[in-house]
Amino acid sequence: MKYISIHDGPGASGAQRIGCETFPDAATTMILRAAGCGDARPRTGFENCSFRAWIVDTSGVRGIIRLIVLAVIFAAVRSGTQAAVCQTRVRAWQGAVELAARETPQARIIVLDIASDRLLAATDLKDAARTLAAPGSTLKPLVLYGLVSAGRWNPASRVACNRQLAVAGHRLTCTHPLAPPFNAREALTWSCNSYFAAVARTLRPEELEQLLRPTGLLESTGLVGLTGLAHDEAVAEFREPETVDAEQLALLGVEGVRVTPLELGVAYRWLAREMAAHPDSDATQVVRAGLEDSASFGMAGQASLGGVAVMGKTGTAAGIALSQSHGWFAGIAPAEKPKVVIVVYLPAGRGADAAHVAGEILADAPLEKP
Ligand SMILES: [Zn+2]
């Protein structure tokens, strides 16, 4: 739109001289808004005028409107396509989870999208949100990440293990093969209790809580944090360790801490996001490598039987009754480009059993397989 003076024109066809500019007659429809004329009629083609006027090139306006409409349509189609893709993905994950749950109906399974805060799939979500259980070795990568990030633990440090460990009456025998002293990566791969008990003995009072707090397992109050992913959630229990033995048992996820499967999923989502944000840090390098090895040939090896490379950790701990163990698997997949967090909790079983369930889920999951 411009404000110009129209003086004259050569005729009803051809180019017209309008002020000092020339417009092709056939392509231009003008609305003259002139104080002198007092009208705003659409005028097509040449008109002999001599006054200053607002000129609206309606062909241009129509073009803009057309572009806006196309943009709106494109956005709507794109949004609709994204919604459809998203729904398809959710259905595919739910299908994979339900298929695995047919084989192991007691499993509580959670699949979280890492990029968003969405829950992609679950079995018995109500129970997964209310069940509190000792997390076992699933805490090891979370604590190791925090300690190495803070420069409080050198991941090259080696600790010898004879596989026999007892703390305050708890037998915490390692199940890995006999091996030379482990560094942090190897200790994570083989879930070595002796190594992480040695780590725990270096912790200061309240340090474990400080390490776990940002994972979402604990809020700054020291009480529990709601994930917001389910109604009527239970919150994690954490008892501040007051002795060296209690510190070891808490870090090994045996005593003094209980979490829900949903909370553990949120904690591993935090870990996945941290590692993505700091890909070259020592903490990411050692935890990523340890979790990849664990789910490849280590304690969580069965998780990779589905054909998807995954980072994962198992956990086995006794219940309150101590009469039976429960099993955990917490994983991040695919290992190369993490998209989801999978948590499997078995009320009766071991970590390796839970890793096996995760492998079955990943076999049918909507993820690219090499
Ligand atoms: Zn060991």
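Just above, that's the structure.
Residues numbered from 1 in each chain as written. Predicted model: local features only at pLDDT ≥ 70, side-chain atom pairs only at ≥ 80, totals over all residues.

Here we take up the sheet that holds strand S14 (residues 325–333). The 5 strands are arranged S8-S7-S15-S14-S13 in an open sheet whose pairing can be described as antiparallel. Because the sheet does not close on itself, it has two edges, and the strands there are strand S8 (119–122) and strand S13 (311–318). The sheet shows a mean angle of 10 degrees between the axes of neighbouring strands, direction not considered. Relative to strand S15 (residues 340–346), strand S7 (residues 108–113) runs antiparallel, the two sharing 6 bridges. When the bridges of S15 are listed, Arg108 appears paired with Tyr345. Sheet strands touched by helix H9 (residues 282–296): S13 and S14. Its angle to S13, the strand with the most contacts, is close to 75 degrees. (Pairing = 2+ DSSP bridges. Helix = DSSP H or I, 4+ residues; strand = E, 2+ residues; numbered from the N terminus. Axes fitted to C-alpha atoms, helices over the stretch in contact; angles between N-to-C directions. Contact = placed C-beta atoms within 7 Å.)

This paragraph deals with helix H7 (residues 244–251). Every buried residue of H7 is accounted for by Glu247, Gln248, Leu249, Ala250 and Leu251. Those residues of H7 that are buried are in contact with helix H3 (139–149), strand S9 (166–167), strand S10 (170–171), helix H5 (193–200), helix H6 (207–212) and strand S12 (257–258). Among the residues trailing H7, Gly253 stands out with phi positive, at a value near 70 degrees. (Buried ≥ 20, exposed ≤ 12 C-beta atoms within 10 Å, placed from the backbone.)

Considering the arrangement of structural elements, one finds Gly298 in the loop between H9 and S13. According to the C-beta neighbour criterion, Gly298 is buried, with 21 such atoms within 10 Å. Spatially, the C-alpha atoms of Gly298 and Ala187 are 10.0 Å apart, while their sequence positions differ by 111 residues. Beyond its immediate chain neighbours, meaning those up to four positions away, Gly298 contacts Thr189, Trp190 and Asp293.

Looking at the secondary structure, you find Gly253 in the loop between H7 and S12. Along the backbone, Gly253 and Gly315 are 62 residues apart, and their C-alpha atoms lie at a distance of 8.3 Å.

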